[in-house]
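Chains, contacts and geometry: an overview
One letter stands for each residue in the lines below.
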Amino acid sequence: MSDKEKFAATGSAYYLPEPAYDEDLVLVDKGTPAGEVFRRYWMPVAKSDKIKDLPVQVKALGEDLILFRKPSGEVGLVYPRCIHRGTSLLWGRVSEKGIRCCYHGWTFETDGRCTERPGEEGVDGASRMTLRQPWYPVEERYGFVFAYMGPPDRKPPLPRYDLLENIPGGWEIVADDTSIPAGGAGRMPCNWLQHHENGLDGAHVPILHEHQFPPIMAQATRSGGFFEKLDDRVNGGDTTRIGPMMMDFKVNIIMPTVRVIPDPLLTNARPDGKSDQLSWTLPKDNTDTIVFTAIVRPKDAAPGAPERYNGKAWKDLTFEEHQRYPGDFEAQTGQGLITFHSEEHLFAQDKGIVLLRRQWREAIKTIRAGGDPPGAFGSNPYVETTAGAKMMANPDFVVPA
Ligand code: FES
Ligand SMILES: [Fe+2]
């Protein structure tokens, strides 16, 4: 009997096979299959208002980078090691000429061009201008700095999303970098896919969130709901009924890691029925994840209360309370730094996750074949969404006699 057969026969952990994860799907460094998919899209790397007069170190897709903002407001993103002799530009000084290295004063524009080399003016002026600090293009929108870290000739326009473009009168967009969809815990010490695929994990809602969401939302997807894979996204949804109320609930999980789900706390219903939030999951590296969220809400609304666990915000819980009232953070980081796909047993309600992984595998294949994945170069940069939670009267409700 092989160890595999012995394990099947006994279930003893002694025979548990060596665990493994799907490297193609989870690793994000340059040159890895999923890493190259990410490098065909714009990804948010920071909240705009965090980039002031001093340089800021950020990490995205396994790369350390320096963000800086010139006094005129223009933002640059460069490789941290100065091309002269390698000190970090984190210690640099920013002026209208760009970022000036603290060590010998070489200065770099937002597109990396070297504009100054103190002490060598006139020595080789022409060659000085050809030197470049490695850089990536950035653009600001919705309160975030987005970076494109892929091949320059495959750079698409930065997409616009309907729910963030046509916002109701008197409403505003609030940018958040605290990983709200994971309870507001800030960074998550786990692989990006563990968090991202949770957006299609309807099965966990009535269990993990049974006492955390309003009852009609906590009941959502108890029946499994529906899932569909389209060109650039996987959609999920369900219709839930509680007494006289009915809720039509839809999520859109759009390439690469855009999550459009209704606010699970049903805080502010938009008059147009669209979702009130859109999130981007950024892998800082293979085992460190952050979620940026653009929230649309009435201008005069009190700041939304974060999800509560036993009446407390996630960050105020003790260890024991984390155990007694676990939420998305505990569940997703509890899968480990990178979950072992070899040990999973997917069942019917995991269909959305299966479809999402299939979409990523197809994107990997497309790039290997020399193509562009959906929603990237050559796609329509205006993205329509259908996600939201519509409340209505339950037509099947019969008033008890
Ligand atoms: S190391 Fe940056 S200017 Fe010398
Ligand atoms: Fe959740």
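Bear in mind that the values here come from a model prediction, so they are computed numbers and not experimental data. (Residues numbered from 1 in each chain as written. Chains lettered and ligands numbered in written order. Predicted model: local features only at pLDDT ≥ 70, side-chain atom pairs only at ≥ 80, totals over all residues. Heavy atoms only, no water.)

**Some points on helix H11 (residues 351-368)**
- Compared with the 26 Å implied by 1.5 Å per residue over 18 residues, the 26 Å span of H11 between its first and last C-alpha is a close match.
- Among the residues making up H11, those that are buried are Gly 352, Ile 353, Leu 355, Leu 356, Arg 357, Gln 359, Trp 360, Ala 363, Ile 364 and Ile 367.
- Tucked inside the fold, the buried residues of H11 contact helix H2 (23-26), helix H3 (33-38), helix H6 (192-196), strand S14 (226-229), strand S15 (233-242) and strand S16 (245-254).
- After H11 finishes, the residue Gly 370 shows a positive phi value of roughly 90°. (Helix = DSSP H or I, 4+ residues; strand = E, 2+ residues; numbered from the N terminus. Expected span 1.5 Å × (residues − 1). Buried < 20%, exposed > 50% of the residue type's maximum accessible area, 1.4 Å probe, protein only. Contact = heavy atoms within 4.5 Å.)

**Examining the coordination of the iron ion (ligand 2)**
- For the iron ion (ligand 2), the protein coordination sphere consists of His 204 (NE2), His 209 (NE2), Asp 328 (OD) and Asp 328 (OD), at 2.1 to 2.3 Å.
- Geometry at the iron ion (ligand 2) is irregular, judged from its 4 donor atoms and the angles of 58 to 152° they form at the metal.
- In terms of primary sequence, the donors binding the iron ion (ligand 2) are separated according to H-x4-H-x118-D. Linking His 204 in the loop between H6 and helix H7 (205-208) with Asp 328 in helix H10 (residues 328-333), this pair joins segments that are 124 residues apart in sequence. Asp 328 carries the same exposure label as His 204, and that label is buried. (Donors = N, O, S within 2.8 Å, 3.2 Å for Na, K, Ca; no water. Tetrahedral: all angles 85-135°; square planar, octahedral: opposite > 155°, others 65-115°.)

**With respect to helix H1 (residues 3-10)**
- Sparse coverage of H1 is indicated by the burial of 0 of its 8 residues.
- Just beyond H1, the residue with positive phi is Gly 11, at close to 70°.

**A closer look at the pairing of strand S18 (residues 277-285)**
- Burial runs high along S18: 9 of the 9 residues are buried.
- Where strand S17 (residues 258-260) lies against S18, 2 bridges are found, and the strand directions are antiparallel. In the sheet register, Val 258 faces S18, and the bridge partner there is Trp 280.
- The pairing of S18 with strand S19 (residues 288-298) spans 8 bridges and is antiparallel. (Pairing = 2+ DSSP bridges.)

**Here we look at the state of the cysteines**
- Overall, the coordinates contain 0 disulfides when judged by the stated rule.
- There is no disulfide at Cys 114, and the cysteine sulfur nearest it, in Cys 82, is 8.1 Å away. (Disulfide = S-S within 2.5 Å.)

**Some details on the environment of Pro 71**
- Position of Pro 71 among the secondary structure elements: in the loop between strand S3 (63-69) and strand S4 (75-78).
- Since its relative accessible area comes to 65%, Pro 71 is described here as exposed.
- Each C-alpha atom, one on Pro 71 and one on Asp 53, is 7.2 Å from the other, the two residues being 18 residues apart in sequence.
- Ignoring sequence-local partners within four residues, the contact set of Pro 71 consists of Ser 95 and Glu 96.

**With respect to the pattern of salt bridges**
- A full pass over the atoms with the stated rule returns 31 salt bridges.
- We note a salt bridge from Lys 50 to Asp 177, for which the minimum N-O separation is 2.6 Å. Taken together, the residues Lys 50 in the loop between strand S1 (42-47) and strand S2 (56-60) and Asp 177 in the loop between strand S13 (171-176) and H6 connect sequence positions 127 residues apart.
- When the shortest N-O distance is used, the salt bridge between Glu 362 and Lys 229 registers 2.9 Å. Of this pair, Glu 362 sits in helix H11 while Lys 229 is found in strand S14, placing the two residues 133 residues apart along the sequence.
- Its relative accessible area of 36% is what places Glu 362 among the partly exposed residues.
- On the accessibility criterion, Lys 229 (29% relative accessible area) is partly exposed. (Salt bridge = Lys/Arg side-chain N within 4 Å of Asp/Glu carboxyl O.)

**Digging into the domain arrangement of the protein**
- You can read the domains of the protein as domain 1 (44-139) and domain 2 (159-393).
- Just the C-alpha atoms count here: the centres of domain 1 and domain 2 sit 35 Å apart.
- Domain 1 puts 10 residues into the contact, and the matching count from domain 2 is 9 residues.
- Interface area, domain 1 with domain 2, both sides summed: about 790 Å², of which 62% is carbon and sulfur.
- Inspection of the domain 1/domain 2 interface yields 2 salt bridges. (Domains from an automatic or database assignment. Buried area = accessible area lost by both parts, 1.4 Å probe.)

**A few points about the packing of aromatic side chains**
- Summed over the entire model, instances satisfying the criterion amount to 12 aromatic pairs.
- Aromatic pair Tyr 14 and Tyr 15: ring centres 5.2 Å apart, planes at 75°, arrangement edge-to-face.
- When its relative accessible area of 22% is taken as the criterion, Tyr 15 is described as partly exposed.
- Look at Phe 144 and Phe 292: their rings are 5.6 Å apart centre to centre, the planes differ by 70°, and that puts the pair in the edge-to-face class. Of this pair, Phe 144 sits in strand S11 (residues 144-148) while Phe 292 sits in strand S19, placing them 148 residues apart in sequence.
- Exposure remark for Phe 144: the relative accessible area of 0% places this residue in the buried category. (Phe/Tyr/Trp six-rings, centres within 6.5 Å; stacked < 30°, edge-to-face > 60°.)

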